[in-house]
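Here is what each chain is made of, one letter per residue.
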Number of protein chains: 4
Amino acid sequence: VGEVEPTAGAAKAVEARVVASEEKETGRVEAFSDGVFAIAMTLLVIDLLPLSTIGGDVAIELSNSWPTFFAFISAFFTILVIWMNHHSLFKMIRKVDSRFLFLNGLLLLGTTFIPFPTALVAQHMLDSGGTVAALVYGATGLALAGAFNGVWRYAAKNRRLLGSHVTQKDIDRVNQGYWVGPVGYGTATALAFVSPIACVGLVTALAIFYALFA
Amino acid sequence: VGEVEPTAGAAKAVEARVVASEEKETGRVEAFSDGVFAIAMTLLVIDLLPLSTIGGDVAIELSNSWPTFFAFISAFFTILVIWMNHHSLFKMIRKVDSRFLFLNGLLLLGTTFIPFPTALVAQHMLDSGGTVAALVYGATGLALAGAFNGVWRYAAKNRRLLGSHVTQKDIDRVNQGYWVGPVGYGTATALAFVSPIACVGLVTALAIFYALFA
Amino acid sequence: VGEVEPTAGAAKAVEARVVASEEKETGRVEAFSDGVFAIAMTLLVIDLLPLSTIGGDVAIELSNSWPTFFAFISAFFTILVIWMNHHSLFKMIRKVDSRFLFLNGLLLLGTTFIPFPTALVAQHMLDSGGTVAALVYGATGLALAGAFNGVWRYAAKNRRLLGSHVTQKDIDRVNQGYWVGPVGYGTATALAFVSPIACVGLVTALAIFYALFA
Amino acid sequence: VGEVEPTAGAAKAVEARVVASEEKETGRVEAFSDGVFAIAMTLLVIDLLPLSTIGGDVAIELSNSWPTFFAFISAFFTILVIWMNHHSLFKMIRKVDSRFLFLNGLLLLGTTFIPFPTALVAQHMLDSGGTVAALVYGATGLALAGAFNGVWRYAAKNRRLLGSHVTQKDIDRVNQGYWVGPVGYGTATALAFVSPIACVGLVTALAIFYALFA
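Counting restarts for each chain: residues are numbered from 1 in the order of the written sequence. In the order they appear in the text, chains get letters beginning with A and ligands get numbers beginning with 1. Under the rules for a predicted model, residues below a pLDDT of 70 receive no local features and side-chain atom pairs below 80 are neither given nor counted, while totals for whole chains, interfaces and linings still include all residues. Note: side-chain values were computed over all heavy atoms of the structure, leaving out hydrogens and water.

## What about the overall build of chain A?
To be explicit about the condition: Think of it this way: any DSSP run of H or I at least four residues long counts as a helix, any run of E at least two long counts as a strand, and we number them from the N terminus. Accessible area is worked out with a 1.4 Å probe on protein chains only. A residue is then buried under 20% of its type maximum, exposed over 50%, and partly exposed in between. Here, residues are in contact when the closest pair of their heavy atoms is within 4.5 Å. For the accessible areas, the method is Shrake-Rupley and the probe is 1.4 Å, while residue cover comes only from the protein chains on display.
Scanning chain A from terminus to terminus reveals 9 helices and 0 strands. Each helix and strand of chain A, placed in order from N terminus to C terminus, yields the pattern α-α-α-α-α-α-α-α-α. Across the 214 residues that make up chain A, the buried fraction comes to 52%. Taking all contacts inside chain A whose residues are at least 6 apart in sequence as the whole, residues at least 24 apart take part in 76%. Split by element, the accessible area of chain A, about 8900 Å² in all, is 65% carbon and sulfur.

## What to know about the relation of the copies chain A and chain D
As a reminder, the rule being used: The superposition of copies rests on a least-squares fit of C-alpha positions from residues with pLDDT of 70 or more in both.
The transformation that overlays chain A on chain D combines an axial shift of 0.0 Å with a rotation of 90°, and the residual RMSD is 0.0 Å. When the rotation and shift are considered jointly, the pair of chain copies conforms to a four-fold rotation axis. The share of interface residues of chain A whose copies in chain D are also at the interface is only 15%, consistent with the copies meeting through different surfaces.

## Description of the pattern of salt bridges
The test is simple: Whenever a carboxyl oxygen of Asp or Glu lies within 4 Å of a side-chain nitrogen of Lys or Arg, that contact is scored as a salt bridge.
The tally for this structure, following the rule as stated, stands at 8 salt bridges over all chains. The partner of Glu30(D) in a salt bridge is Arg28(A), with the nearest N and O atoms 3.1 Å apart. Highlighted residues: Glu30(D) in helix H1 (residues 4–43) and Arg28(A) in helix H1 (residues 4–43), drawn from two different chains. Considered together, Glu30(D) and Arg28(A) belong to a single accessibility category, that of buried residues. Taken together, the shared-partner salt bridges in this structure form one network comprising Arg28(A), Glu30(D) and Asp34(D).

## Details of the interface of chain A and chain D
Using the following cut-off: Once two parts are joined, some of their accessible surface, as seen by a 1.4 Å probe, is lost; buried area is that loss totalled over both. Each polar contact in these results corresponds to two N or O atoms within 3.5 Å; when the atoms are within protein, one needs to be able to donate a hydrogen and the other to accept it, and residues that are neighboring in sequence are counted only if both atoms are side-chain atoms. Throughout this entry, Asp, Glu, Lys and Arg are counted as charged residues, while Ala, Val, Leu, Ile, Met, Phe, Trp, Tyr, Cys and Pro are counted as nonpolar. The remaining residues, Gly among them, count as polar.
Contact residues are listed per partner, giving 33 residues for chain A and 37 residues for chain D. Taking both sides of the interface into account, the surface hidden between chain A and chain D amounts to around 3100 Å²; carbon and sulfur atoms contribute 76%. Put simply, chain A and chain D have 2 salt bridges between them. One can count 6 residue pairs in polar contact (both at pLDDT 80 or more) joining chain A with chain D. Tallying contributions element by element places H1(A) first for the side of chain A that touches chain D, with 11 residues. Of the residues that constitute the side of chain A that touches chain D, the class distribution is 20 nonpolar, 7 polar and 6 charged.

## A few points about the packing of aromatic side chains
Aromatic rings in a pair are described by how distant their centres are and how their planes are angled relative to each other. For the record, the criterion: Any two rings among Phe, Tyr and Trp, with Trp reduced to its six-membered ring, count as a pair given centres within 6.5 Å; such a pair is stacked if its planes are under 30 degrees apart, edge-to-face if over 60, and tilted if neither. By definition here, charges over rings are those cases where NZ of Lys or CZ of Arg is within 6 Å of the ring centre and within 35 degrees of the ring normal.
With the rule as written, the count across this model stands at 48 aromatic pairs over all chains. For the pair Trp83(B) and Phe32(C), a centre-to-centre distance of 4.3 Å together with 10° between the ring planes defines the contact as stacked. Pair noted here: Trp83(B) is in helix H3 (residues 66–90) and Phe32(C) is in helix H1 (residues 4–43), and the two residues belong to different chains. For Trp83(B), a relative accessible area of 1% puts it in the buried group. On the basis of relative accessible area, Phe32(C) is assigned to the buried category, the value being 1%. Ring geometry for Phe209(B) and Phe213(B): centres 5.1 Å apart, planes at 50°, overall tilted. In this pair, Phe209(B) and Phe213(B) are both assigned in helix H9 (residues 196–213), 4 residues apart and thus about one turn of the helix distant. On the accessibility criterion, Phe213(B) (55% relative accessible area) is exposed. Against the face of Tyr154(B) rests Arg160(B), its NZ or CZ located 3.9 Å from the ring centre.

## Some points on the environment of Val132(D)
Residues and elements named next belong to chain D. Relative to the elements of secondary structure, Val132 occurs in helix H6 (residues 130–156). Relative accessible area serves as the criterion here: at 23%, Val132 is assigned to the partly exposed category. Counting along the chain gives 25 residues from Val132 to Leu107, while the straight-line C-alpha distance between them is 23 Å.

## Considerations on the relation of the copies chain A and chain B
When chain A is fitted to chain B, the best match, at an RMSD of 0.0 Å, comes from turning it 90° and sliding it 0.0 Å along the axis. When you check the interface residues of chain A against chain B, a mere 14% turn up at the interface there too, and the two sides of the contact use different surfaces.

## Some details on the interface of chain A and chain B
Tallying the contact residues gives 37 residues for chain A and 33 residues for chain B. Carbon and sulfur atoms supply 75% of the area that chain A and chain B bury against each other, a total of about 3100 Å² over both sides. When the buried area of chain A at its contact with chain B is split by residue, Thr42(A), Ser52(A) and Trp83(A) rank highest and sum to 18% of it. Viewed at the interface, chain B and chain A are joined by 2 salt bridges. There are 5 residue pairs in polar contact (both at pLDDT 80 or more) connecting chain A and chain B. Listing elements by their share of the side of chain A that touches chain B, those giving two or more residues are H1, helix H2 (58–64), helix H3 (66–90) and helix H9 (196–213) of chain A. A breakdown of the residues in the side of chain A that touches chain B according to their chemical character gives 28 nonpolar, 5 polar and 4 charged.

## Let's talk about helix H5 (residues 115–124) of chain B
Burial runs high along H5(B): 9 of the 10 residues are buried. Of all the residues in H5(B), the buried ones are Pro115(B), Phe116(B), Pro117(B), Thr118(B), Ala119(B), Leu120(B), Val121(B), Ala122(B) and His124(B).

## Quick look at the side chain of Thr118(C)
Residue and element names in this part refer to chain C. Following the sequence through the fold, Thr118 ends up in helix H5 (residues 115–124). Here the side chain of Thr118 touches Ile114 through a polar contact of 2.8 Å, landing on its backbone oxygen. With residues up to four places along the chain from it excluded, the contact list for Thr118 reads Leu44, Asp47, Ala71, Phe72, Ala75 and Tyr137.

## Quick word on H3(A)
Turn by turn, an α-helix covers 3.6 residues, leaving residues three or four places apart pointing in a common direction. Just so we agree on the cut-off: A helix is expected to span 1.5 Å multiplied by its residue count minus one.
Relative to the 36 Å expected for 25 residues at 1.5 Å per residue, H3(A) spans 36 Å between its end C-alpha atoms, a close match to the ideal helical length. With 21 of its 25 residues buried, H3(A) lies for the most part within the structure.

## Digging into the side chain of Asp34(C)
Positionally, Asp34(C) belongs in helix H1. With a relative accessible area of 6%, Asp34(C) lands in the buried category. Within the structure, the side chain of Asp34(C) is placed 3.3 Å from the side chain of Trp83(C), a separation counted as a polar contact. Once residues within four sequence positions are removed from consideration, Asp34(C) is found in contact with Trp83(C), Arg28(D) and Phe32(D).

## Re the packing of helix H6 (residues 130–156) of chain B against helix H8 (residues 180–191) of chain B
Residues and elements named next belong to chain B. Worth spelling out the cut-off: Between the N-to-C directions of two axes lies an angle of 0 to 180 degrees, each axis being a line fitted to C-alpha atoms and, for a helix, fitted only over the stretch in contact. Reported orientations rely on four angle classes, namely roughly parallel under 35 degrees, roughly antiparallel over 145, roughly perpendicular from 65 to 115, and oblique for the rest.
Where H6 contacts H8, the axes come no closer than 8 Å and their chain directions differ by 170°. Judged by the angle between their axes, H6 and H8 are roughly antiparallel. In contact with Leu135, Gly138, Ala139, Gly141, Leu142, Ala145 and Asn149 of H6, H8 contributes Gly181, Pro182, Tyr185, Gly186 and Thr189. Split into classes, the residues belonging to the contact of H6 with H8 amount to 6 nonpolar, 6 polar and no charged.

## What about the packing of helix H8 (residues 180–191) of chain A against H9(A)?
Residues and elements named next belong to chain A. Selection rule: Crossings are classed by handedness, with left-handed meaning an anticlockwise turn of the near helix from the far one by less than a right angle and right-handed meaning a clockwise turn.
Where H8 meets H9, the closest approach of the two axes is 7 Å, and the angle between their N-to-C directions is 160°. Viewed along their axes, H8 and H9 adopt a mutual orientation that is roughly antiparallel. When you trace H8 past H9, the crossing you get is right-handed. Counted together, Gly184, Tyr185, Thr187, Ala188 and Leu191 of H8 and Ala198, Cys199, Leu202, Val203 and Leu206 of H9 form the full contact between these two elements.

## What about the confidence of the model for chain A?
Residue and element names in this part refer to chain A. Stated formally: As a per-residue quantity, pLDDT reports the predictor's confidence and falls between 0 and 100.
Predicted confidence across chain A gives a mean pLDDT of 88, with 88% of residues reaching 70 or more. Throughout residues 1–19 the model reports pLDDT below 50, and contacts reaching past four residues in sequence, or to other chains, amount to 5 contacts. In the model output, the complex is listed with pTM 0.89 alongside ipTM 0.86.

## Some details on the environment of Thr187(A)
Tracing the chain through its elements places Thr187(A) in helix H8. Note: C-alpha distance between Thr187(A) and Tyr210(A) (23 residues apart in sequence) is 16 Å.

## Describing a nonpolar patch on the surface
What counts here: Residues qualify for a patch when their relative accessible area is over 30% and they have no salt bridge, like charges being joined within 9 Å and the nonpolar side chains of Val, Leu, Ile, Met, Phe, Trp and Tyr within 5 Å.
A contiguous nonpolar surface patch, about 290 Å² in accessible area, is contributed by Trp66(A), Leu126(A) and Ile197(A). Tracing the sequence through the fold places Ile197(A) in helix H9.

The following block contains the structure:
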């Protein structure tokens, strides 16, 4: 016992240190990203605040402002799904490097930008600027799907940043699932030329569908 | 010892991994939700900022703006209680699944929305839009009470997501307590037709009462 | 060994669970409060944004807006010190109850309010509304000092929520130090009648002094 | 075994307590700072929101507003790099004291300020206020580089707050790297006199270069 214990103790201590440092490494990126997602999601309400000072018949004015509420809900579920997706991704990732942090940074850039196309599409959904506004809205989603692909493919290349608990089957499954985003948001962006409302509707449907069944 | 120790060691390691993964699973949802609650609560002050540029006699103008401060305090305690309630709920929950994350997402949607009905009721409490504004304010509280019930009942059904430390008595007690929210906010919403001030007052009283005695 | 180990193991497990639950209990309150402090601090910049759209000579216009920058820095250090103070306080606290959460909630209410008196004092420091604005600014600081006293005295009464590592000497030292806040902010509030600038200056000096030497 | 185990257990327990308290000490500062970085980064979008209400041809109006998007991206990467840099720094720091918290507070002050010079430079990049706006923008970056140097040099002096895992070689490498910030931002600030666009461009290039290769 006297001989075996110290070795086992040392091995345990080293392992504990490795596990702890691994967790810490992704822990701060996850917490930071979650902070950005939570804030971007909560800031969306700023787009609604000007509606609070409307005069006239409040019920009628609020009803006429349905595009603003529609865009708010669409953007909310989009960010909720970004968070859920990020959550799933980081269950597989155990290490980070600065290139990975940069790619994750592009994902955050797209997310912090979301309240702007949301406000744009809320303002112009029913006027002549609707197509351009919906294009910007759809393209933001498309860029985010691209950023997610970049983050994942960089991490998964030769299992660069993955944990040892991730199987090849897990990797294949994610690779397949990651085509849905670009195709879905690409279609939504193209729909902007047909109807701004259909574009925002498809983005919303995609997000709610993903949140419920992914 | 040589034979027993490794087995015990392995069992401990597995248990530690289970406990750790369980904590991580709810940990990120709790941290994310807390982030949304903290931001929604702190953003309420944006509704007050336009008052800072008022001209004339500052003391008189601020006094006349009491509905804005009243709505600010009402919404603050409402979000504080949402946080406390969420805190209590997650003491019993040890696992999450995507349906649960969606229901929790509806809770967050309602919370991020709060600064809007707050601004609306602050603006219209004393004018002809008061009833509609108070209806929206009360209905937001009612929807949040509904979302809390959804989150809890989904988690508790057949003890689906509960930890093994939760007793049937705990579950029964929560089931009973969760009728208070819908009844209280339902009454507040109905009060909007009588008096917008009474509606906001009841929401505030409910929140402070819950915060002090729950 | 066979008899001793399991007992020791059980004792360790129980202790670990106690320690873990204690940490978790205050952990979520601390994290939530820190979130509110960080957001309130970062939102202060919203008071500066209208200055970005000024026309004319930008250098002269910015110089003329010095009260806005002065109030921004004053409020920033005030919130920084609230955070540091809260940090110190929670090193001694190991348990929470709902009354304590309510008192901590009053502290958060005061903190989320800060951007409003900051904007008010920035706007009116040099006009006839300066006294009222500075009174509101000083009184907010005084209320926060009161809330800190409430939180501390509730937790320390009969060592209700303190950890066993806290000595009577620690308690006495905090009791003494907690007179500084009410006296300092009380003086600052009274100074509002003499000079709004002096009031804001004293609040700022108190915060920087505390941050450097406490 | 009976004699050795308790001693080893006690030693382990003490070590665990030391490690845990060390982690906790920097943990809360890191989490708080990360919160400020995440919020400042996400608030930048507020500078874009007024563009959503523009009339006329939306595509042309958005194109004409390119300085606003340019400043948004520049500030985003600046804050991303502040976060990454802070992250690297805290890998070496294991203790905090109140002087260190104050210096870190100056870093946070500069960071919360960033949305203002960003809005200023977005508004005035192409008009006669461009030089002053770019000066404020560059000087903010320079002040932040100074604050980073202050934080690091205070922590590293006689290894005051460093962990025992940090080698002299690590310290020397950081000392060298920390000249890049003041020189780079000093050059950017000087460029404001030549061209506001060049100033913002250099700040952006520095941030992206650091994010990719540091």
